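# Summary of the model geometry
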Amino acid sequence: MFQAMPYDGTRSEQFEAVLVQLGALMKDEPNVIANLANASALLKHSLPDTNWAGFYLFDGKELVLGPFQGLPACIRIPLNRGVCGTAATERRTLVVGDVHAFPGHISCDAASNSEIVIPLLKNDQLLGVMDIDSPLKHRFDDDERRFLERFAAMVSEVI
């Protein structure tokens, strides 16, 4: 059972608490959709000032919308398009402080101003991306990037 709790302690301790919760939520659960649904809910619950948190899964050709928390979203994203498609193609995390300045940005929620996208990789194979948006510009910093990369690595292990 999940209980909402305030995240106390240092920022690092808060990040660790979220990772422990993620591990507990996914432990012994083989269903990918269930794990991604809980992971997106945990992200949305634990990250203030975000308006979308979720996953796009790679189907061999393009990214397809997976479980998420937030407003309805774009269903399919070609590789190399927008922040998600670029992060997937380059297989690297993209932190975009102002999405309106990103060439080819795909706007699914007009309220989004910044974004972080982390590729989901397993054995160097692209599985999809984890995407988090914020209505604040420059919302995501380097400490959060490192935390979210660890989060994404844990999720990748259960896909």
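These notes cover the structure that comes with them. (Residues numbered from 1 in each chain as written. Predicted model: local features only at pLDDT ≥ 70, side-chain atom pairs only at ≥ 80, totals over all residues. Heavy atoms only, no water.)

Further remarks concern the overall build of the protein. Along the protein, the regular secondary structure elements total four helices and six strands. Reading the helices (α) and strands (β) of the protein from amino to carboxyl end gives α-α-β-β-β-α-β-β-β-α. Taken against the 2.2 N^0.38 rule, which gives 15 Å for 159 residues, the C-alpha radius of gyration of the protein at 15 Å falls within 12% of a compact globule. Oriented by its inertia axes, the alpha-carbon framework of the protein measures out at about 40 × 35 × 25 Å. Each of the 159 residues in the protein was classed as buried or not, and the buried ones make up 44%. Restricting to contacts in the protein with at least 6 residues of sequence separation, those with at least 24 account for 51%. Accessible surface computed for the protein: about 7,900 Å², of which carbon and sulfur atoms make up 53%. Across the protein, the mean location of the 14 positive side-chain charges is 4 Å away from that of the 21 negative side-chain charges. (Helix = DSSP H or I, 4+ residues; strand = E, 2+ residues; numbered from the N terminus. Rg over C-alpha atoms; globule rule 2.2 N^0.38 Å. Buried < 20%, exposed > 50% of the residue type's maximum accessible area, 1.4 Å probe, protein only. Contact = heavy atoms within 4.5 Å. Areas by Shrake-Rupley, 256 points an atom, 1.4 Å probe, with all protein chains shown as cover. Lys, Arg positive; Asp, Glu negative; His and termini not counted. Charge placed at Lys NZ, Arg CZ, Asp CG, Glu CD.)

The next thing to look at is the pairing of strand β2 (residues 62–70). Bridge count for strand β1 (residues 52–58) against β2 is six bridges, and the pairing is antiparallel. Residue Trp-52 lies in a different strand from β2, and its bridge partner there is Gly-70. In textbook terms, the turn of a hairpin is the stretch between consecutive antiparallel strands, and for β1 and β2 this stretch comprises three residues, one of which, Gly-60, has a positive phi near 100 degrees. Pairing of β2 with strand β3 (residues 76–78) involves three bridges; the strand directions are antiparallel. Across the sheet, residue Leu-63 finds its bridge partner in β3, namely Ile-77. As consecutive antiparallel partners, β2 and β3 are separated by five residues. (Pairing = 2+ DSSP bridges.)

Turning our eyes to something else, we now look at empty space enclosed by the protein. Evaluation of the coordinates by the stated rule reveals one cavity of 30 Å³ or more. Of the pockets and cavities examined, the largest cavity occupies roughly 160 Å³. If you trace the largest cavity, you find 16 residues lining it, with Ile-106, Cys-108, Glu-115, Asp-131 and Asp-133 closest to the centre. Elements with a minimum of two residues in the lining of the largest cavity: β1, α3 (82–90) and β6 (125–134). Ranked by residue count, the leading element in the lining of the largest cavity is α3, at three residues. (1 Å grid on protein atoms, 1.4 Å probe; cavity = no way out; pocket = protein on both sides within 12 Å on 5 of 7 lines; lining within 4 Å. Points joined across faces, edges and corners; volume = space filled by probe spheres on them.)

The geometry of helix α1 (residues 11–26) relative to helix α2 (residues 32–46) is characterised by a closest axis approach of 10 Å and an angle of 155 degrees between their N-to-C directions. Comparing their axes, α2 and α1 come out roughly antiparallel. Judged by the twist between their axes, the crossing of α1 over α2 is right-handed. Facing α1, whose interface residues are Val-18, Gln-21, Leu-22, Leu-25 and Met-26, α2 presents Asn-35, Asn-38, Ala-39, Leu-42 and Ser-46. (Axes fitted to C-alpha atoms, helices over the stretch in contact; angles between N-to-C directions. Parallel < 35°, antiparallel > 145°, perpendicular 65-115°, else oblique. Left-handed = near helix turned anticlockwise from the far one by under 90°.)

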